[in-house]
Amino acid sequence: MTGNLYRGQAGLPFSSSLRIYEPLEAFPSEQQSQLVAESGRIGSRAAVENAELQASLGRITRSGGDPFPTGRTDLVRMTRVPPGRHAAPGNAANGAAGGKEADDAGRLLYCPSQLVIRAGLAANALMDGVHSPLADLLIPVSQRDKHQVRIDRINAGEGAKRVHTRASTWGIPFSWFSLFAESDRKDVVESEGRILTVRVWTPLTEALDRARFAVAHLALAAPDLDMLDDLTQLTEWLELFHVQSMVELDYGAVADKVYPDESPMDVRLGIECLAEGDMTGAAAAYRRLASRWIPIRQLARAS
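Residues numbered from 1 in each chain as written. Predicted model: local features only at pLDDT ≥ 70, side-chain atom pairs only at ≥ 80, totals over all residues. Heavy atoms only, no water.

Our next topic: the environment of Arg41. Here Arg41 shows up in helix 2 (residues 29-42). Taking relative accessible area as the criterion, Arg41 reaches 49% and is therefore assigned partly exposed. Only 2.7 Å separates the side chain of Arg41 from the side chain of Glu38, close enough to count as a polar contact. (Helix = DSSP H or I, 4+ residues; strand = E, 2+ residues; numbered from the N terminus. Buried < 20%, exposed > 50% of the residue type's maximum accessible area, 1.4 Å probe, protein only. Polar contact = N/O pair within 3.5 Å; in protein donor to acceptor, adjacent residues only side chain to side chain.)

Here we come to the packing of aromatic side chains. Tallying each qualifying case throughout the model produces six aromatic pairs. With a centroid separation of 5.5 Å and 70 degrees between ring planes, the pair formed by Phe14 and Trp170 is classed as edge-to-face. Of this pair, Phe14 sits in the loop between helix 1 (4-8) and strand 1 (15-23) while Trp170 sits in the loop between strand 4 (165-169) and helix 8 (174-177), and the two are 156 residues apart along the sequence. Using a relative accessible area of 13% as the deciding quantity, one classes Phe14 as buried. Owing to a relative accessible area of 22%, Trp170 belongs among the partly exposed residues under this scheme. A cation sits over an aromatic face here: Arg162 above Phe27, 5.8 Å from the ring centre. Between the NZ or CZ atom of Arg297 and the centre of the ring of Phe174, over which it lies, the distance is 4.7 Å. (Phe/Tyr/Trp six-rings, centres within 6.5 Å; stacked < 30°, edge-to-face > 60°. Lys NZ or Arg CZ within 6 Å of the ring centre and 35° of its normal.)

Of all six residues making up strand 3 (residues 107-112), six are buried, and the element is well covered by its neighbours. Pairing geometry for strand 1 and strand 3, over two bridges, is antiparallel. Within strand 3, the residue paired with Glu22 across the bridge is Tyr110. The pairing of strand 2 (residues 76-81) with strand 3 spans six bridges and is antiparallel. What sits directly across from Thr79, in strand 3, is Leu109. (Pairing = 2+ DSSP bridges.)

A word on the packing of helix 12 (residues 263-275) against helix 13 (residues 279-298). At a minimum axis distance of 8 Å, the contact between helix 12 and helix 13 shows a crossing angle of 155 degrees. Judged by the angle between their axes, helix 12 and helix 13 are roughly antiparallel. Judged by the twist between their axes, the crossing of helix 12 over helix 13 is left-handed. Facing Ser263, Asp266, Val267, Leu269, Gly270, Cys273 and Leu274 of helix 12, the residues of helix 13 in contact are Met279, Gly281, Ala282, Ala285, Arg288, Leu289, Arg292 and Trp293. Its residues assigned to classes, the contact of helix 12 with helix 13 comprises nine nonpolar, three polar and three charged. (Axes fitted to C-alpha atoms, helices over the stretch in contact; angles between N-to-C directions. Parallel < 35°, antiparallel > 145°, perpendicular 65-115°, else oblique. Left-handed = near helix turned anticlockwise from the far one by under 90°. Contact = heavy atoms within 4.5 Å. Nonpolar A, V, L, I, M, F, W, Y, C, P; charged D, E, K, R; others polar.)

This is the structure we're talking about:
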């Protein structure tokens with residue numbers, strides 16, 4: 001692949017992801033060598049994105065009517081923590097020599113795609129969201145049953161409950177922005193005058209502190225707000241992972257429509273205003289969010 005598929009994505013829905021990258025020791029011992037091998041096999045981050053998109057399109061068009069991934073291989077994203085941030089003395093996550101060498105180079109963290117489990121979750125969401133005859137037409141019962149066997153086989157192993165990636169189409173949930181701050185590290189990926197994506201990073205411990213802050217204030221100021229339920233589930237999800245993990249918000253192609261984006265600040269200000277009883281300030285923050293993201297969500301219904 002030349003990468004043109006990844007750069008183009010014409011006609012595909014905007015898709016954004018929230019990912020957790022964990023140190024190698026957070027994974028079962030039998031999975032660790034697989035993670036290192038797979039991350040080395042694919043190479044660059046762009047190559048991983050390209051391979052995932054190509055595989056997805058290939059499943060849609062292959063014969064036999066089975067749109068699910070088989071699980072024979074799994075893509076792995078990898079990042080290196082800058083030196084001094086969550087560095088573990090005497091142990092490099094990729095199995096290389098530890099000590100000062102590991103500190104100087106930074107620590108490797110891994111995020112497996114877990115396509116089999118995520119495809120099953122997506123299929124269940126589809127079944128809940130459309131009428132049964134249409135669902136059966138899109139994904140035949142026989143194929144769903146066949147895929148359930150794959151899921152059951154994975155669930156029998158260790159660490160299956162930790163699904164490392166959450167995905168959203170046609171916009172980013174406002175609850176995700178509560179995990180990040182304006183000062184967090186950002187990677188802007190551009191090509192030929194277009195922003196391909198923006199990735200925002202923060203340590204898991206900071207993301208958890210921000211999520212808990214938001215939950216505590218919303219529980220008192222706006223207990224009926226849907227965002228409170230989303231944040232509660234998000235907090236429980238984050239608590240499943242290793243304390244030295246990193247959290248990544250990957251905007252995907254929607255970044256070209258919204259970046260530079262002040263949504264993390266607007267969400268934080270909105271929650272703070274609610275906590276202080278400042279309804280005018282909270283409404284202003286929501287209007288800024290709505291003016292930025294409602295047009296994106298309306299694209300899902302555009303012809």
